[in-house]
Amino acid sequence: MATSSSLLFLLLALSLILVSLSLPLASAGPPKRIARTRPALAAYRRQRRLTDIIDRGSRPPLHMFETKVHHEEEQREKSEAGSNGGGASSTAPIKYQGGPVITGSVNVYIIYYGDWPAGSGQNVIENFIRSLNAGSTGQGKPSEPKVKRWWAISAAYYQQKNGRKAKVSSTVRLAGTVYDDYSAGQEFGNNTVWEVISSKIGEGNAFSYDPHGIYLLLTSPDVTVPDYCKVYCGYHTMDYIGSNAVIYSLVGHHGQCPDGCGAQNTSPNGNPAIDATVSTIAHEIAEAASDPDARSGWYDGNGEENADKCSYNAGPTKTGRDNSGNEYLYNLVGMKGMRFLIQQNWDRQKNKCATQRKYGWGGFF
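Residues numbered from 1 in each chain as written. Predicted model: local features only at pLDDT ≥ 70, side-chain atom pairs only at ≥ 80, totals over all residues. Heavy atoms only, no water.

*Asks:* Would you explain the state of the cysteines in this entry?
*Replies:* The term disulfide refers to a covalent linkage connecting the sulfur atoms of a pair of cysteines. Across all of its chains, the model carries 3 disulfides by this definition. Each bonded cysteine in the protein chain gets a number by its place in the sequence, and the pairs come out as 1-3, 2-4, 5-6. (Disulfide = S-S within 2.5 Å.)

*Asks:* Mind showing me how you'd approach the nonpolar core here?
*Replies:* Soluble globular proteins tend to bury their nonpolar side chains together. If you look at the biggest cluster of nonpolar residues, it comprises 44 residues, and the most contacted ones within it are Ile110, Ile125, Phe128, Ile129, Trp151 and Leu218. Among the elements that line this core, the one with the most residues is helix α8 (residues 272-290), at 8 residues. Phe207, Tyr215, Cys257 and Cys261 belong to the second-largest nonpolar core, a separate cluster that totals 25 residues. (Core = buried A, V, L, I, M, F, W, Y, C linked by side-chain atoms within 4.5 Å. Buried < 20%, exposed > 50% of the residue type's maximum accessible area, 1.4 Å probe, protein only. Helix = DSSP H or I, 4+ residues; strand = E, 2+ residues; numbered from the N terminus.)

*Asks:* Looking at this structure, I do not really get unusual backbone geometry. What am I missing?
*Replies:* Leave glycine aside and you will find that most residues have negative phi; peptide bonds, for their part, are mostly trans. You will see that Cys229, though not glycine, has its phi angle at about 75°, which is positive. Relative to the helices and strands, Cys229 resides in the loop between β7 (213-219) and β8 (232-241).

*Asks:* Please explain the confidence of the model for the protein chain as it appears in this structure.
*Replies:* Within the protein chain, residue pLDDT values average 81, and 74% of them lie at 70 or more. Low confidence marks residues 71-88, where pLDDT is under 50. Its contacts with residues over four positions away, or in another chain, come to 35 contacts. Counting contacts from residues 361-365, a segment whose pLDDT is below 50, to residues more than four positions away or on other chains yields 11 contacts. (pLDDT = per-residue confidence, 0-100. Contact = heavy atoms within 4.5 Å.)

*Asks:* I would appreciate a short explanation of helix α4 (residues 122-131) in the present structure.
*Replies:* An α-helical turn contains 3.6 residues, so a residue and the one three or four places further along point in the same direction. Of all 10 residues in α4, 8 are buried; the element is thus mostly enclosed. Buried residues of α4: Gln122, Val124, Ile125, Glu126, Asn127, Phe128, Ile129 and Ser131, and no others. At its buried positions, α4 is contacted by β3 (106-113), α5 (147-154), β6 (172-180), β7, α8 and β14 (339-340).

*Asks:* How should the environment of Asn127 be read in this particular structure?
*Replies:* Positionally, Asn127 belongs in helix α4. Measuring from C-alpha to C-alpha, the distance between Asn127 and Met335 comes to 6.5 Å, with 208 residues separating the pair along the chain. Once residues lying within four places of it in the same chain are set aside, the contact partners of Asn127 are Gly334, Met335, Lys336, Met338 and Phe340.

*Asks:* Got a minute to help me understand the packing of α4 against α8 in this structure?
*Replies:* For any two helices packed against each other, one specifies the crossing angle of their axes together with the interaxial distance. Contact pair α4 / α8: the axes reach a minimum separation of 10 Å and the direction vectors enclose 35°. Pair α4 / α8 crosses with right-handed handedness. Mapping the contact onto sequence places Val124, Ile125, Phe128 and Ile129 in α4 and Ile274, Asp275, Val278, Ile281, Ala282 and Ile285 in α8. When grouped by side-chain class, the residues that make up the contact of α4 with α8 number 9 nonpolar, no polar and 1 charged. (Axes fitted to C-alpha atoms, helices over the stretch in contact; angles between N-to-C directions. Left-handed = near helix turned anticlockwise from the far one by under 90°. Nonpolar A, V, L, I, M, F, W, Y, C, P; charged D, E, K, R; others polar.)

*Asks:* In this structure, what is going on with the packing of aromatic side chains? I would like to understand it.
*Replies:* Across all of its chains, the model carries 18 aromatic pairs by this definition. Among the aromatic residues, ring-to-ring pairing joins Tyr96, Tyr157, Tyr158 and Trp298 into one connected group. The aromatic ring of Tyr158 is capped on one face by Lys165, whose charged end is 4.4 Å from the ring centroid. (Phe/Tyr/Trp six-rings, centres within 6.5 Å; stacked < 30°, edge-to-face > 60°. Lys NZ or Arg CZ within 6 Å of the ring centre and 35° of its normal.)

Here's what the structure looks like:
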(Lines give C-alpha, C1' and ligand atoms only; values in the text may rest on other atoms or scores of the structure.)
Protein backbone atom coordinates (compact mmCIF):
# COMPACT_ATOMS: atom_id res chain seq x y z
CA MET A 1 0.00 0.00 0.00
CA ALA A 2 2.92 2.27 0.79
CA THR A 3 4.32 1.42 -2.60
CA SER A 4 0.97 2.24 -4.21
CA SER A 5 0.79 5.61 -2.39
CA SER A 6 4.35 6.46 -3.40
CA LEU A 7 3.57 5.63 -7.01
CA LEU A 8 0.45 7.78 -6.91
CA PHE A 9 2.42 10.68 -5.42
CA LEU A 10 5.12 10.25 -8.08
CA LEU A 11 2.51 10.29 -10.87
CA LEU A 12 0.86 13.41 -9.40
CA ALA A 13 4.20 15.20 -9.16
CA LEU A 14 5.06 14.22 -12.74
CA SER A 15 1.70 15.57 -13.95
CA LEU A 16 2.31 18.89 -12.24
CA ILE A 17 5.75 19.14 -13.87
CA LEU A 18 4.28 18.43 -17.30
CA VAL A 19 1.52 21.02 -16.81
CA SER A 20 4.05 23.66 -15.76
CA LEU A 21 6.19 22.89 -18.81
CA SER A 22 3.18 23.25 -21.08
CA LEU A 23 2.15 26.70 -19.75
CA PRO A 24 4.41 28.79 -22.04
CA LEU A 25 3.06 26.90 -25.01
CA ALA A 26 -0.49 27.42 -23.85
CA SER A 27 0.07 31.19 -23.38
CA ALA A 28 1.62 31.71 -26.83
CA GLY A 29 -0.62 33.84 -29.08
CA PRO A 30 -0.85 37.22 -30.77
CA PRO A 31 1.81 39.69 -29.61
CA LYS A 32 0.77 42.30 -27.10
CA ARG A 33 -0.15 45.74 -28.37
CA ILE A 34 2.56 48.25 -27.62
CA ALA A 35 1.40 51.51 -26.14
CA ARG A 36 3.45 54.01 -28.13
CA THR A 37 4.66 57.21 -26.56
CA ARG A 38 4.05 60.33 -28.63
CA PRO A 39 7.57 60.60 -30.05
CA ALA A 40 7.41 56.98 -31.20
CA LEU A 41 3.95 57.60 -32.62
CA ALA A 42 5.25 60.63 -34.50
CA ALA A 43 8.03 58.51 -36.01
CA TYR A 44 5.49 55.85 -36.94
CA ARG A 45 3.29 58.45 -38.62
CA ARG A 46 6.24 59.82 -40.56
CA GLN A 47 7.09 56.31 -41.77
CA ARG A 48 3.49 55.75 -42.89
CA ARG A 49 3.55 59.08 -44.72
CA LEU A 50 6.84 58.16 -46.32
CA THR A 51 5.16 55.00 -47.63
CA ASP A 52 2.33 57.10 -49.05
CA ILE A 53 4.85 59.42 -50.66
CA ILE A 54 6.76 56.59 -52.31
CA ASP A 55 3.56 54.87 -53.44
CA ARG A 56 2.18 58.04 -55.00
CA GLY A 57 5.56 59.01 -56.41
CA SER A 58 4.72 62.70 -56.32
CA ARG A 59 6.65 63.93 -53.29
CA PRO A 60 10.16 63.52 -51.95
CA PRO A 61 11.02 61.23 -49.01
CA LEU A 62 10.68 62.73 -45.53
CA HIS A 63 9.32 66.06 -46.76
CA MET A 64 5.66 65.64 -47.36
CA PHE A 65 4.65 69.26 -47.45
CA GLU A 66 7.12 70.92 -49.73
CA THR A 67 7.32 73.77 -52.19
CA LYS A 68 8.38 72.02 -55.35
CA VAL A 69 11.19 73.05 -57.67
CA HIS A 70 10.03 74.81 -60.81
CA HIS A 71 11.51 76.75 -63.70
CA GLU A 72 11.26 80.44 -64.54
CA GLU A 73 9.22 79.66 -67.65
CA GLU A 74 6.63 77.96 -65.45
CA GLN A 75 6.54 81.02 -63.17
CA ARG A 76 5.84 83.33 -66.09
CA GLU A 77 3.20 81.04 -67.58
CA LYS A 78 1.33 80.74 -64.29
CA SER A 79 1.50 84.46 -63.59
CA GLU A 80 0.15 85.24 -67.04
CA ALA A 81 -2.59 82.61 -66.71
CA GLY A 82 -3.57 84.06 -63.36
CA SER A 83 -3.46 87.68 -64.48
CA ASN A 84 -7.23 87.95 -64.45
CA GLY A 85 -7.39 87.22 -60.75
CA GLY A 86 -7.85 83.49 -60.86
CA GLY A 87 -5.20 80.83 -60.57
CA ALA A 88 -3.98 78.38 -63.18
CA SER A 89 -4.25 75.50 -60.71
CA SER A 90 -6.38 72.53 -59.73
CA THR A 91 -9.96 73.54 -58.99
CA ALA A 92 -10.52 70.52 -56.74
CA PRO A 93 -12.20 71.90 -53.62
CA ILE A 94 -10.12 72.00 -50.48
CA LYS A 95 -11.76 70.27 -47.53
CA TYR A 96 -11.44 70.24 -43.76
CA GLN A 97 -10.29 66.86 -42.46
CA GLY A 98 -11.11 67.35 -38.78
CA GLY A 99 -7.70 68.18 -37.33
CA PRO A 100 -6.21 71.32 -35.75
CA VAL A 101 -5.15 74.63 -37.22
CA ILE A 102 -3.11 77.32 -35.46
CA THR A 103 -5.51 79.53 -33.52
CA GLY A 104 -4.56 82.29 -31.12
CA SER A 105 -1.47 84.12 -32.31
CA VAL A 106 0.68 82.60 -35.07
CA ASN A 107 4.20 83.08 -33.69
CA VAL A 108 7.15 82.73 -36.08
CA TYR A 109 10.62 81.95 -34.72
CA ILE A 110 13.55 82.25 -37.15
CA ILE A 111 16.85 80.37 -36.96
CA TYR A 112 19.41 81.90 -39.32
CA TYR A 113 21.78 79.00 -39.87
CA GLY A 114 25.27 79.43 -41.32
CA ASP A 115 26.74 82.64 -42.70
CA TRP A 116 24.24 85.50 -42.35
CA PRO A 117 26.23 88.74 -42.07
CA ALA A 118 24.37 92.02 -41.61
CA GLY A 119 22.57 93.11 -44.77
CA SER A 120 22.01 89.58 -46.11
CA GLY A 121 18.28 90.14 -46.49
CA GLN A 122 17.11 89.62 -42.92
CA ASN A 123 15.29 92.97 -43.03
CA VAL A 124 13.26 91.83 -46.05
CA ILE A 125 12.30 88.52 -44.43
CA GLU A 126 11.36 90.08 -41.12
CA ASN A 127 9.44 92.94 -42.72
CA PHE A 128 7.30 90.44 -44.60
CA ILE A 129 6.49 88.37 -41.51
CA ARG A 130 5.58 91.44 -39.49
CA SER A 131 3.47 92.69 -42.40
CA LEU A 132 1.28 89.56 -42.26
CA ASN A 133 -0.26 90.74 -39.00
CA ALA A 134 -3.76 92.15 -39.44
CA GLY A 135 -2.91 95.08 -37.18
CA SER A 136 0.23 96.14 -39.07
CA THR A 137 0.29 99.60 -40.65
CA GLY A 138 2.12 101.56 -43.33
CA GLN A 139 1.46 99.13 -46.17
CA GLY A 140 1.36 101.50 -49.12
CA LYS A 141 -1.53 103.44 -50.58
CA PRO A 142 -5.13 102.43 -49.81
CA SER A 143 -5.57 101.04 -53.32
CA GLU A 144 -2.45 98.86 -53.24
CA PRO A 145 -2.62 95.11 -52.46
CA LYS A 146 -1.30 94.56 -48.97
CA VAL A 147 0.58 91.69 -47.33
CA LYS A 148 -1.88 91.55 -44.42
CA ARG A 149 -4.74 91.09 -46.89
CA TRP A 150 -2.87 88.14 -48.37
CA TRP A 151 -2.84 86.57 -44.89
CA ALA A 152 -6.59 87.18 -44.63
CA ILE A 153 -6.95 84.24 -47.04
CA SER A 154 -5.32 81.99 -44.42
CA ALA A 155 -7.43 83.49 -41.65
CA ALA A 156 -10.55 82.06 -43.31
CA TYR A 157 -9.46 78.49 -42.55
CA TYR A 158 -10.73 76.97 -39.32
CA GLN A 159 -10.87 73.98 -37.03
CA GLN A 160 -14.01 72.56 -35.50
CA LYS A 161 -14.06 71.22 -31.97
CA ASN A 162 -17.03 70.47 -29.72
CA GLY A 163 -19.33 72.03 -32.29
CA ARG A 164 -17.42 75.32 -32.37
CA LYS A 165 -15.32 76.80 -35.13
CA ALA A 166 -12.02 78.54 -34.41
CA LYS A 167 -10.24 80.26 -37.30
CA VAL A 168 -6.56 80.54 -38.09
CA SER A 169 -5.38 83.63 -36.27
CA SER A 170 -5.17 86.97 -38.06
CA THR A 171 -2.44 87.91 -35.56
CA VAL A 172 1.02 86.97 -36.83
CA ARG A 173 4.10 87.82 -34.76
CA LEU A 174 7.81 87.61 -35.34
CA ALA A 175 8.37 86.07 -31.92
CA GLY A 176 12.15 85.66 -32.00
CA THR A 177 15.32 85.25 -34.04
CA VAL A 178 18.62 83.50 -33.36
CA TYR A 179 21.84 82.89 -35.30
CA ASP A 180 23.50 79.48 -35.49
CA ASP A 181 27.14 79.47 -36.61
CA TYR A 182 27.28 76.00 -38.23
CA SER A 183 26.57 73.99 -35.07
CA ALA A 184 25.90 70.95 -37.29
CA GLY A 185 28.39 71.75 -40.06
CA GLN A 186 27.74 72.73 -43.65
CA GLU A 187 26.47 69.38 -44.95
CA PHE A 188 23.17 68.24 -43.44
CA GLY A 189 22.06 64.64 -43.11
CA ASN A 190 18.46 63.45 -43.19
CA ASN A 191 17.86 64.28 -39.51
CA THR A 192 19.96 67.42 -39.18
CA VAL A 193 17.14 69.91 -39.72
CA TRP A 194 15.18 68.53 -36.77
CA GLU A 195 18.31 68.22 -34.63
CA VAL A 196 19.16 71.90 -35.16
CA ILE A 197 15.62 73.13 -34.57
CA SER A 198 14.94 70.99 -31.50
CA SER A 199 18.24 72.12 -29.96
CA LYS A 200 16.91 75.68 -29.92
CA ILE A 201 13.69 74.93 -28.06
CA GLY A 202 13.15 74.47 -24.34
CA GLU A 203 14.47 75.66 -21.01
CA GLY A 204 17.93 77.17 -21.29
CA ASN A 205 17.77 77.37 -25.09
CA ALA A 206 17.08 80.23 -27.50
CA PHE A 207 13.30 79.78 -27.63
CA SER A 208 10.67 78.54 -25.21
CA TYR A 209 8.29 75.88 -26.42
CA ASP A 210 5.28 77.54 -28.06
CA PRO A 211 2.23 75.48 -29.11
CA HIS A 212 1.29 78.35 -31.45
CA GLY A 213 4.81 78.63 -32.85
CA ILE A 214 6.21 77.92 -36.30
CA TYR A 215 9.96 77.38 -36.01
CA LEU A 216 11.58 78.41 -39.28
CA LEU A 217 15.09 77.26 -40.21
CA LEU A 218 16.73 79.36 -42.94
CA THR A 219 20.06 78.13 -44.28
CA SER A 220 22.77 80.26 -45.89
CA PRO A 221 23.91 79.63 -49.50
CA ASP A 222 26.90 77.48 -48.49
CA VAL A 223 24.82 74.92 -46.55
CA THR A 224 23.72 71.77 -48.35
CA VAL A 225 20.55 69.92 -47.38
CA PRO A 226 19.49 66.56 -48.87
CA ASP A 227 17.19 67.00 -51.88
CA TYR A 228 17.05 70.78 -51.53
CA CYS A 229 17.08 72.45 -54.97
CA LYS A 230 16.68 69.01 -56.55
CA VAL A 231 13.20 68.12 -55.41
CA TYR A 232 11.90 70.88 -53.15
CA CYS A 233 12.49 74.52 -52.22
CA GLY A 234 11.08 74.31 -48.70
CA TYR A 235 8.87 72.17 -46.51
CA HIS A 236 6.97 72.12 -43.23
CA THR A 237 6.16 69.27 -40.88
CA MET A 238 5.71 68.42 -37.19
CA ASP A 239 7.66 66.43 -34.61
CA TYR A 240 7.70 66.02 -30.84
CA ILE A 241 9.88 67.05 -27.94
CA GLY A 242 8.52 64.84 -25.21
CA SER A 243 4.75 65.25 -25.48
CA ASN A 244 4.99 68.73 -27.08
CA ALA A 245 4.15 68.94 -30.77
CA VAL A 246 6.60 71.23 -32.59
CA ILE A 247 5.57 72.76 -35.92
CA TYR A 248 8.58 73.66 -38.02
CA SER A 249 9.76 74.49 -41.52
CA LEU A 250 12.94 74.51 -43.57
CA VAL A 251 13.48 77.00 -46.39
CA GLY A 252 16.87 76.95 -48.07
CA HIS A 253 18.57 79.99 -49.57
CA HIS A 254 17.22 80.32 -53.11
CA GLY A 255 20.51 81.76 -54.33
CA GLN A 256 21.64 78.14 -54.57
CA CYS A 257 19.15 77.40 -57.37
CA PRO A 258 17.72 80.61 -58.87
CA ASP A 259 16.27 78.75 -61.87
CA GLY A 260 14.59 76.03 -59.82
CA CYS A 261 13.35 78.06 -56.84
CA GLY A 262 13.67 81.66 -58.00
CA ALA A 263 11.03 83.97 -59.40
CA GLN A 264 12.75 86.72 -61.41
CA ASN A 265 16.26 87.95 -62.15
CA THR A 266 15.47 91.42 -60.88
CA SER A 267 14.06 92.24 -57.48
CA PRO A 268 11.91 94.77 -55.63
CA ASN A 269 14.46 94.79 -52.80
CA GLY A 270 17.74 94.46 -54.67
CA ASN A 271 18.13 90.80 -53.71
CA PRO A 272 16.42 88.32 -56.10
CA ALA A 273 17.39 85.26 -54.04
CA ILE A 274 15.94 86.61 -50.81
CA ASP A 275 12.80 87.91 -52.49
CA ALA A 276 12.20 84.43 -53.93
CA THR A 277 12.96 82.86 -50.54
CA VAL A 278 10.29 85.06 -48.95
CA SER A 279 7.65 83.68 -51.32
CA THR A 280 8.51 80.14 -50.23
CA ILE A 281 8.43 81.24 -46.58
CA ALA A 282 4.92 82.60 -47.21
CA HIS A 283 3.92 79.28 -48.79
CA GLU A 284 5.16 77.22 -45.84
CA ILE A 285 3.74 79.45 -43.11
CA ALA A 286 0.31 79.46 -44.77
CA GLU A 287 0.28 75.66 -44.95
CA ALA A 288 1.69 75.16 -41.47
CA ALA A 289 -1.09 77.34 -40.03
CA SER A 290 -3.93 75.53 -41.82
CA ASP A 291 -2.54 71.97 -41.78
CA PRO A 292 0.12 71.69 -39.07
CA ASP A 293 -0.19 67.93 -38.59
CA ALA A 294 0.10 65.46 -41.45
CA ARG A 295 -3.01 65.82 -43.51
CA SER A 296 -5.36 66.38 -40.64
CA GLY A 297 -6.32 70.00 -41.37
CA TRP A 298 -7.03 71.28 -44.88
CA TYR A 299 -6.15 69.68 -48.22
CA ASP A 300 -7.87 68.64 -51.42
CA GLY A 301 -8.55 65.27 -53.04
CA ASN A 302 -5.10 65.32 -54.65
CA GLY A 303 -3.38 65.75 -51.29
CA GLU A 304 -2.54 69.40 -51.98
CA GLU A 305 -2.66 71.99 -49.21
CA ASN A 306 -3.82 75.56 -49.79
CA ALA A 307 -0.51 77.07 -50.96
CA ASP A 308 0.31 73.97 -53.03
CA LYS A 309 -2.67 74.76 -55.22
CA CYS A 310 -1.17 78.13 -56.16
CA SER A 311 2.57 77.39 -56.26
CA TYR A 312 4.51 79.90 -58.38
CA ASN A 313 1.31 81.64 -59.43
CA ALA A 314 1.70 85.32 -58.56
CA GLY A 315 -1.57 86.37 -60.17
CA PRO A 316 -1.95 90.05 -61.17
CA THR A 317 1.34 91.94 -60.91
CA LYS A 318 2.59 95.51 -61.13
CA THR A 319 5.87 96.79 -62.51
CA GLY A 320 8.49 98.79 -60.66
CA ARG A 321 12.09 99.84 -61.31
CA ASP A 322 15.14 99.30 -59.14
CA ASN A 323 17.90 101.86 -58.54
CA SER A 324 19.57 100.86 -61.81
CA GLY A 325 16.40 101.31 -63.81
CA ASN A 326 15.73 97.59 -64.24
CA GLU A 327 12.11 96.51 -64.24
CA TYR A 328 10.80 94.06 -61.65
CA LEU A 329 7.40 92.60 -60.82
CA TYR A 330 5.58 92.83 -57.52
CA ASN A 331 2.07 92.07 -56.28
CA LEU A 332 2.05 93.00 -52.57
CA VAL A 333 3.14 95.90 -50.41
CA GLY A 334 4.30 95.48 -46.83
CA MET A 335 5.24 97.76 -43.96
CA LYS A 336 7.22 100.90 -44.83
CA GLY A 337 6.12 100.42 -48.44
CA MET A 338 8.38 97.39 -49.04
CA ARG A 339 7.34 95.49 -52.16
CA PHE A 340 7.14 91.74 -52.63
CA LEU A 341 6.39 89.18 -55.35
CA ILE A 342 4.53 86.45 -53.45
CA GLN A 343 2.65 83.46 -54.80
CA GLN A 344 -1.11 83.51 -54.38
CA ASN A 345 -2.95 81.42 -51.80
CA TRP A 346 -6.08 79.32 -52.16
CA ASP A 347 -9.29 81.13 -51.20
CA ARG A 348 -11.42 78.29 -49.87
CA GLN A 349 -14.66 80.28 -50.19
CA LYS A 350 -14.15 81.36 -53.79
CA ASN A 351 -12.46 78.08 -54.73
CA LYS A 352 -9.59 79.74 -56.59
CA CYS A 353 -6.17 81.29 -56.10
CA ALA A 354 -6.22 84.86 -54.85
CA THR A 355 -3.79 87.60 -53.86
CA GLN A 356 -5.94 89.07 -51.10
CA ARG A 357 -9.38 88.93 -49.50
CA LYS A 358 -11.60 90.77 -47.07
CA TYR A 359 -11.62 90.03 -43.36
CA GLY A 360 -15.01 88.93 -42.10
CA TRP A 361 -15.70 91.99 -39.97
CA GLY A 362 -15.53 94.54 -42.76
CA GLY A 363 -13.83 95.62 -45.93
CA PHE A 364 -10.17 95.90 -46.76
CA PHE A 365 -8.09 97.87 -44.29
